[in-house]
Amino acid sequence: MTIANIISAIGNNNSVYPLIVRDCGIEVPTKIALTYEQNKKESKGIAYLAARERFLDEYSVSAVWLGGIPLVGWLCDKYIKAKGLNPKVNLKLFKEENGIQGIDYNIKKFKDIAPDAVKDLLKVKQNKKMYEKLLASKFIASTTIPILFMGFILPKLIFASSARKIENLRKKEAQQKSTDKISFLQKDRFYKNKDISFSGNWVAKVANFSAQDKMAVTDGGYAIGRVGTARNKNEAYDISFKMAGMMFLNFVAPKWIEKALNKATGVELDPVMLADKKFIEQVKDGSILNNLPKSDKAEDLLKFVDNISNKDTQFIKFAKKFNKIQTLDNGVRDPRAYVDIKNLAKFRNDIQSFAENAKNLSNDAFKAFVKKSKFAKSANILTNVALSSFLLAYALPKAQFKFRKWITGSDLEPGLAPAEKIVDKKV
């Protein structure tokens with residue numbers, strides 16, 4: 001995979017790749033370290049347990065996020081296929097868009113050029129209610145099961161695991177205080193003790209949620225579960241603050257940052273496109289403008305896409321790559337898939353804008369323009385990842401610690417801190 005492909009992948013805020021980079025690679029290790037340092041101010045024993053809980057919690061949730069949700073979805077798709085229906089059929093097609101797309105329109109238009117896909121459409125049309133129930137069940141299963149595990153089962157398991165250890169810690173600390181007022185040296189032995197060992201219309205919408213969309217929904221349920229299973233009131237406040245910040249910084253802020261950076265630099269096209277020699281050649285000679293849909297109107301967009309002679313154009317190539325359209329093996333647009341016209345129109349206009357800005361430039365000026373655009377877009381993506389990672393991994397935990405101190409009067413994790421360390425403040 002080239003550098004451009006890697007940057008493109010982590011810059012796609014509708015996929016899981018940015019979450020993998022931010023969550024597993026940056027955010028979680030930093031949070032574990034910050035958690036230990038924050039709690040260490042008052043108790044090294046509790047700091048160790050807090051870091052242990054954070055490690056188990058964060059990486060277990062990441063595993064469910066990145067593996068559990070897709071796995072449940074895959075199993076549900078297998079069940080739907082066993083019922084004789086194809087889960088690729090998009091329920092949005094039941095809302096006919098006159099002369100553009102819709103289940104009846106697509107059946108009529110593609111019956112001779114994509115007969116097998118049309119059979120799938122006919123089966124779903126004949127069993128619409130059952131198909132809706134199956135897709136609704138798929139959505140519920142792929143979100144509810146992870147929510148139950150991450151929001152309710154996992155915290156209980158972690159809390160139960162910590163309960164015995166925190167009890168042992170408090171007993172040891174009590175014994176140390178009674179025998180030796182200078183207890184700091186004795187606490188170091190505790191770490192070496194072998195007792196310690198190291199988340200009808202609505203169906204059409206949710207059925208087409210991306211993996212990241214499902215993660216956002218799951219995160220909401222996970223947050224509710226975590227607040228509900230909190231060990232005390234102060235821990236509930238602490239978790240609420242953290243989860244609200246995490247959801248915003250994971251699913252909203254990166255898209256806002258991306259939009260702002262793109263607007264500042266004026267570059268919208270993906271680094272993969274800007275690194276593609278054939279695409280750049282066509283931009284240079286101006287032929288790319290002759291191989292785009294005539295306008296951004298739905299009729300012109302789909303007329304171009306459905307013209308099989310256009311299947312090898314750069315527009316179709318990259319529209320497929322970035323999931324603007326879906327095609328069958330023979331190059332025909334998949335009639336089971338719904339086309340987001342607004343998204344496709346923006347993609348077409350971005351290409352046109354880039355090509356027009358490059359038009360009439362001298363050879364050296366053109367090379368500089370392409371190089372600058374590629375650098376700017378790559379820098380935008382890396383800046384977005386770095387900034388959102390910093391906010392998630394450092395700024396949010398620091399804000400949470402300040403909030404915790406204000407609420408409880410202590411630096412310790414509210415669920416682990418002894419009662420005498422907590423000042424019950426009214427919120």
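Residues numbered from 1 in each chain as written. Predicted model: local features only at pLDDT ≥ 70, side-chain atom pairs only at ≥ 80, totals over all residues. Heavy atoms only, no water.

Brief notes about the overall build of the protein
In terms of helices and strands, the protein carries 17 helices and zero strands. Buried positions account for 48% of the 427 residues belonging to the protein. Element-wise, carbon and sulfur atoms account for 57% of the exposed surface of the protein, whose accessible area totals about 21900 Å². (Helix = DSSP H or I, 4+ residues; strand = E, 2+ residues; numbered from the N terminus. Buried < 20%, exposed > 50% of the residue type's maximum accessible area, 1.4 Å probe, protein only. Areas by Shrake-Rupley, 256 points an atom, 1.4 Å probe, with all protein chains shown as cover.)

Describing the side chain of Asp334
By the secondary structure assignment, Asp334 is in the loop between α15 (314–321) and α16 (341–358). Of the polar contacts made by the side chain of Asp334, one reaches the side chain of Arg336; its length is 2.9 Å. Residues in contact with Asp334, not counting those within four places in the same chain, are Ala117, Gln326, Thr327 and Leu328. (Polar contact = N/O pair within 3.5 Å; in protein donor to acceptor, adjacent residues only side chain to side chain. Contact = heavy atoms within 4.5 Å.)

A look at helix α3 (residues 44–82)
In this model, α3 (39 residues) spans 55 Å end to end at C-alpha, consistent with the 57 Å of a helix rising 1.5 Å per residue. Taken as a whole, α3 carries its principal kink of about 35 degrees at Gly67; the proline Pro70 stands between one and four residues after it. (Expected span 1.5 Å × (residues − 1). Bend = angle between axes of the 7 residues up to and from the residue.)

Remarks on a nonpolar patch on the surface
On the surface, Leu148, Phe149, Phe152, Ile153 and Leu157 cluster together into a nonpolar patch covering about 430 Å² of accessible area. As for its position among the elements, Phe152 is in helix α6 (residues 128–179). (Patch = residues over 30% accessible without salt bridge, like charges linked within 9 Å, V, L, I, M, F, W, Y side chains within 5 Å. Salt bridge = Lys/Arg side-chain N within 4 Å of Asp/Glu carboxyl O.)

Examining the pattern of salt bridges
Overall, the coordinates contain 15 salt bridges when judged by the stated rule. A salt bridge links Glu37 to Lys40, with the shortest nitrogen-to-oxygen separation between them at 3.2 Å. Of this pair, Glu37 and Lys40 both sit in helix α2 (residues 17–40), separated by three residues, roughly a single helical turn. Given the relative accessible area of 42%, Glu37 is considered partly exposed.

Quick notes on the confidence of the model for the protein
Looking at the protein as a whole, the pLDDT averages 82, with 79% of positions reaching at least 70. Note that pLDDT drops below 50 for residues 180–199; the model gives that stretch 37 contacts with residues more than four away or on any other chain. (pLDDT = per-residue confidence, 0-100.)

What to know about the nonpolar core
Counting residues in each nonpolar core, the largest one holds 33 residues, and the members touching the most others are Phe279, Val283, Phe315, Leu344 and Ile351. When contributions to this core are tallied by element, the ones reaching two or more residues are α12 (271–274), α13 (277–285), α14 (298–306), α15, α16 and α17 (363–408). In terms of residue count, the dominant contributor to this core is α16 (eight residues). Look past the residues within four positions of Ile351 in its chain and what remains in contact with it is Leu269, Met273, Phe279, Ile288, Leu292 and Phe315. Counting residues in hydrophobic clusters, the runner-up holds 17 residues, among them Leu91, Leu93, Val118 and Leu121. (Core = buried A, V, L, I, M, F, W, Y, C linked by side-chain atoms within 4.5 Å.)

Some words on helix α4 (residues 103–110)
If you check which residues of α4 are buried, you get Ile103, Asn106, Ile107 and Phe110. An end-on view of α4 places all buried positions within 105 degrees of arc, on one side of the element. (Arc of directions from axis to C-beta.)

Topic: the side chain of Thr229
One can find Thr229 in the loop between α9 (211–228) and α10 (233–251). Excluding anything up to four places from it in sequence, Thr229 contacts Gly151, Phe152, Pro155, Lys156 and Phe159.

Considering the packing of α3 against α10
The axes of two packed helices give the description: the angle between them and the distance between them. It is the contact of α3 with α10, at a shortest axis distance of 16 Å, that shows an interaxial angle of 40 degrees. Here α3 is positioned oblique relative to α10, judged by the angle of their axes. α3 and α10 meet at a crossing whose hand is right-handed. Counted together, Arg54, Asp57, Glu58 and Trp65 of α3 and Lys242, Asn250 and Phe251 of α10 form the full contact between these two elements. Classifying every residue of the contact of α3 with α10 by side-chain character gives two nonpolar, one polar and four charged. (Axes fitted to C-alpha atoms, helices over the stretch in contact; angles between N-to-C directions. Parallel < 35°, antiparallel > 145°, perpendicular 65-115°, else oblique. Left-handed = near helix turned anticlockwise from the far one by under 90°. Nonpolar A, V, L, I, M, F, W, Y, C, P; charged D, E, K, R; others polar.)

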